[in-house]
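Structural characterization, general
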Amino acid sequence: TKLFGRLDVSSRAVMGYSLGGGGALRAALTDSTLKCAIALAPHSGSFDDPFPKKLTDSVPTLHLVGSRDTDAPARKHAKKFYDRTGAPTLFFGIEGIKGGDHYIVTGPSGGNERDFTKGRELSFWVNVATTLLCCGYVPFSDGFGTGPSGVERDDAKRGAIGEIALAWLQLFLQGDESARSRLLEQPGIACRFESKGIRI
């Protein structure tokens, strides 16, 4: 009830990771009232390419993907989606020091599978023990430990992934034109950075 009347429901965006990234693309295709979409390491749900040959013409879409993602390889998923999008779109392929795997997009400064799963087993057993001993209390509600560390560093300034995502939301969700120029500057951790329909 504290949010009632305080949300601008006419200004909505969608974002998803992996299969959720594919879901965000489908949402953008079916709901033209969305202001923008962000697909993080998007996966179509199948390698048989069940997506239509043409994606949204109206919802600006950002694709963030690791260069060495073997779970959702860009050439089979994100790059195909980018090529099929008619609305303004940006493809940001991220290299990263540790390879740019499927988990690179899990932190605003990058991440990797090891960082993402760090502490997972310990937090699972702590959850089990406290649930049994403390009448259902769960200290790690997401089931994970520390999650992504965001420790990727190289010649790009810290936070390059989050900065591009934030600029995308500022421009297309909030209408802040000052963010447009940031979407045209290739970050140092980008191995591929291309756009359609985004001009100064």
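Summarised in this report is the structure supplied together with it. Please read all numbers here as calculations on a predicted model, not as lab measurements. (Residues numbered from 1 in each chain as written. Predicted model: local features only at pLDDT ≥ 70, side-chain atom pairs only at ≥ 80, totals over all residues. Heavy atoms only, no water.)

What follows is about the pairing of strand β2 (residues 36-40). Burial analysis of β2 places five of its five residues in the buried class, which makes it a mostly covered element. Here β2 shows no split at all, with C36, I38 and L40 on one side and A37 and A39 on the other all buried. With five bridges connecting them, strand β1 (residues 13-17) and β2 associate as parallel partners. Residue pairing in the sheet places A13 in a bridge with C36 of β2. The parallel pair β1 and β2 is bridged by helix α1 (residues 19-30), and the resulting crossover is right-handed. Here β2 runs beside strand β3 (residues 61-66); their pairing, made up of four bridges, is parallel. The residue bridging I38 from the neighbouring strand is L62, located in β3. (Buried < 20%, exposed > 50% of the residue type's maximum accessible area, 1.4 Å probe, protein only. Helix = DSSP H or I, 4+ residues; strand = E, 2+ residues; numbered from the N terminus. Pairing = 2+ DSSP bridges. Right-handed = clockwise from strand over helix to strand, strands pointing away.)

Residues K53, R75, K76 and K80 make up a contiguous surface patch of positive charge. Turning to its location among the elements, R75 is positioned in the loop between β3 and α2 (78-84). Classification of R75 by relative accessible area gives exposed; the value is 61%. (Patch = residues over 30% accessible without salt bridge, like charges linked within 9 Å, V, L, I, M, F, W, Y side chains within 5 Å. Areas by Shrake-Rupley, 256 points an atom, 1.4 Å probe, with all protein chains shown as cover. Salt bridge = Lys/Arg side-chain N within 4 Å of Asp/Glu carboxyl O. Lys, Arg positive; Asp, Glu negative; His and termini not counted. Charge placed at Lys NZ, Arg CZ, Asp CG, Glu CD.)

Here we come to the pattern of salt bridges. Considering all chains together, one arrives at eight salt bridges under this definition. D83 is the partner of K79 in a salt bridge, and the nearest nitrogen-oxygen pair spans 2.7 Å. One end of the pair, K79, and the other, D83, are both in helix α2, four residues apart, so they sit about a helical turn from each other. What makes K79 buried here is its relative accessible area of 13%. In this structure D83 comes out as partly exposed when scored by relative accessible area, which is 46%. With a closest N to O distance of 3.6 Å, E194 and K79 form a salt bridge. With a gap of 115 residues between them, E194 in strand β5 (residues 190-196) and K79 in helix α2 connect regions that are remote in the sequence. For E194, a relative accessible area of 25% translates into the label partly exposed. One salt-bridge network, in which partners are shared between bridges, spans K79, D83, R192 and E194.

It is worth spelling out the pairing of β3 at this point. For β3, the tally of buried residues reaches six of six residues, placing the bulk of the element in the interior. Here β3 shows two buried faces, one formed by T61, H63 and V65 and the other by L62, L64 and G66. Relative to strand β4 (residues 89-94), β3 runs parallel, the two sharing six bridges. Bridge pairing in β4 links H63 to F91. Handedness of the β-α-β unit built from β3, α2 and β4 comes out right-handed.

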